[in-house]
Amino acid sequence: KIFKHDILNFEKLKKISKNADLVIHAAAESHVDNSFQLNDEFIKTNVLGTKNVMQACKENNVKKIIHISTDEIYGEIFKGSFAENAKFNPSNPYSSSKAAAEMIVNGYILSYKLPVIIVRANNIFGSRQHPEKLISGCCWSFINNKKFTIHGKGNQMRTFLYVGDFCEALHKIVKFGKLFEAYNIGSNFEYKNKNIVKIIAKENNKIFDKEVVYVKDRPFNDYRYNINFKKIAKLGWRPKTKVEDKIFEINNWYKNNSKRYKKRF
């Protein structure tokens, strides 16, 4: 069954999570660009909403909870990668709200021994993603004959994780993950933002230089994110899928479904 409710509604949340043996908390306000408006929804949903999820699980004695966080809580790193014990250094309102959510979760783990596992993942891509994101937005723009905007010079480095690989990682964690632990779910498939756009331009027979517009960069734009995922690799998981492997399938989905989205943002 699917129940569509606001996680700020604690009584509804408590009712529908009763008798659950597993809760995966994936609800969050997204994404970074939207958060620069300092919209209160980011704090309400990501922090207070997370508190509600944890409290409902506590009162219902849920045996296992997966809290989905983000690699952005670590902030930027110019070389190397962050392990799970790295300090938090969020650099924008979105990642700050997700870091705050983890502090709420940590309080429930330490105070009540709530059986939570935290996961922190790279940028996830795949079909059906809202076109406010880089890959989906670029596909949608080129298919609709719109120029695509690139922040700054487009040299920011990002590591991308295919949604199917992410789901397999979650499955491993549900089956074999240790309670009270955090797991990075990452990949080694790293790209400059502008190179992602070049891949999608080629897929749509577009000339990159004629189809992009460089715009003012974000108030703060992390140069590079990268996380060490050796811990989950020990559970028998590894990322398999590069952007190039799925771009035809993803782009084709937006060709067939572009009318779902009248605008990107």
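Here, the structure is the one placed above.
Here the structure is a predicted model, which is why all the values come from computation and not from measurement.

On to the packing of helix α5 (residues 134-143) against helix α10 (residues 243-257). Two numbers describe how α5 lies on α10: the axes approach to 10 Å, and their chain directions differ by 50°. Taken together, the axis directions place α5 and α10 in an arrangement best described as oblique. Considering how the two elements wind past one another, α5 and α10 form a crossing that is right-handed. Residues Ile135, Ser136, Cys139 and Ile143 of α5 form the contact with α10, whose own contacting residues are Val243, Ile247, Ile250, Asn251, Tyr254 and Lys255. Of the residues assigned to the contact of α5 with α10, the class counts are seven nonpolar, two polar and one charged.

Okay, the nonpolar core next. Ile135, Val197, Ile200 and Val243 are the most contacted members of the largest nonpolar core, which totals 25 residues. Elements that contribute at least two residues to this core include exactly α5, β5 (148-151), β6 (157-162), α7 (193-203) and α10. Phe10, Val53, Ala56 and Val62 belong to the second largest nonpolar core, which has 17 residues in total.

This brings us to the side chain of asparagine 251. Among the secondary structure elements, asparagine 251 is positioned in helix α10. Looking at asparagine 251, the relative accessible area reads 1%, which means it is buried. A polar contact of 2.8 Å, which involves the side chain of asparagine 251, links it to the side chain of asparagine 204. Not counting residues within four places of it along the chain, the set of residues in contact with asparagine 251 comprises Cys139, Ile143, Ile200, Glu203 and Asn204.

Here the phi dihedral of lysine 113 falls at roughly 55°; this positive angle occurs in a residue that is not glycine. Judged by its relative accessible area of 57%, lysine 113 is exposed. Backbone geometry places asparagine 145, a non-glycine residue, at a positive phi of 55°. Assignment of secondary structure puts asparagine 145 in the loop between α5 and β5.

What counts, and where the lines are drawn
Along each chain, residues carry numbers from 1 onward, in the same order as the chain's sequence is written. Confidence filtering applies because this is a predicted model: local features only for residues at pLDDT of at least 70, side-chain atom pairs given and counted only at 80 or more, and all residues used for totals across whole chains, interfaces and linings. Derived side-chain values reflect all non-hydrogen atoms in the structure, with water molecules and hydrogen atoms excluded from consideration. In this description, a line fitted to the C-alpha atoms serves as the axis of each element, helices being fitted only across the stretch in contact, and the angle between N-to-C directions of two axes falls anywhere from 0 to 180 degrees. Comment: elements are numbered from the N terminus, with helices defined as DSSP H or I runs of at least four residues and strands as E runs of at least two. Note that the term roughly parallel is reserved for angles under 35 degrees, roughly antiparallel for angles over 145, roughly perpendicular for angles of 65 to 115, and oblique for everything else. For a crossing to be left-handed, the near helix must be turned anticlockwise from the far one by less than a right angle; the clockwise case is right-handed. By definition, residues are in contact when any of their heavy atoms lie within 4.5 Å. Gly is put with the polar residues, along with every residue not named as nonpolar or charged; the nonpolar set is Ala, Val, Leu, Ile, Met, Phe, Trp, Tyr, Cys and Pro, and the charged set is Asp, Glu, Lys and Arg. Among buried residues, the Ala, Val, Leu, Ile, Met, Phe, Trp, Tyr and Cys ones that are joined through side-chain atoms within 4.5 Å form a nonpolar core. Buried residues are those whose accessible area, probed at 1.4 Å on protein chains only, stays under 20% of the maximum for their type, while exposed residues exceed 50% and partly exposed ones sit between those limits. Polar contact criterion, stated in full: a pair of N or O atoms within 3.5 Å, where within protein one must be able to donate a hydrogen and the other to accept it, and residues adjacent in sequence count only if both atoms are side-chain atoms.

None of the figures reported here should be taken as evidence of function without further support.
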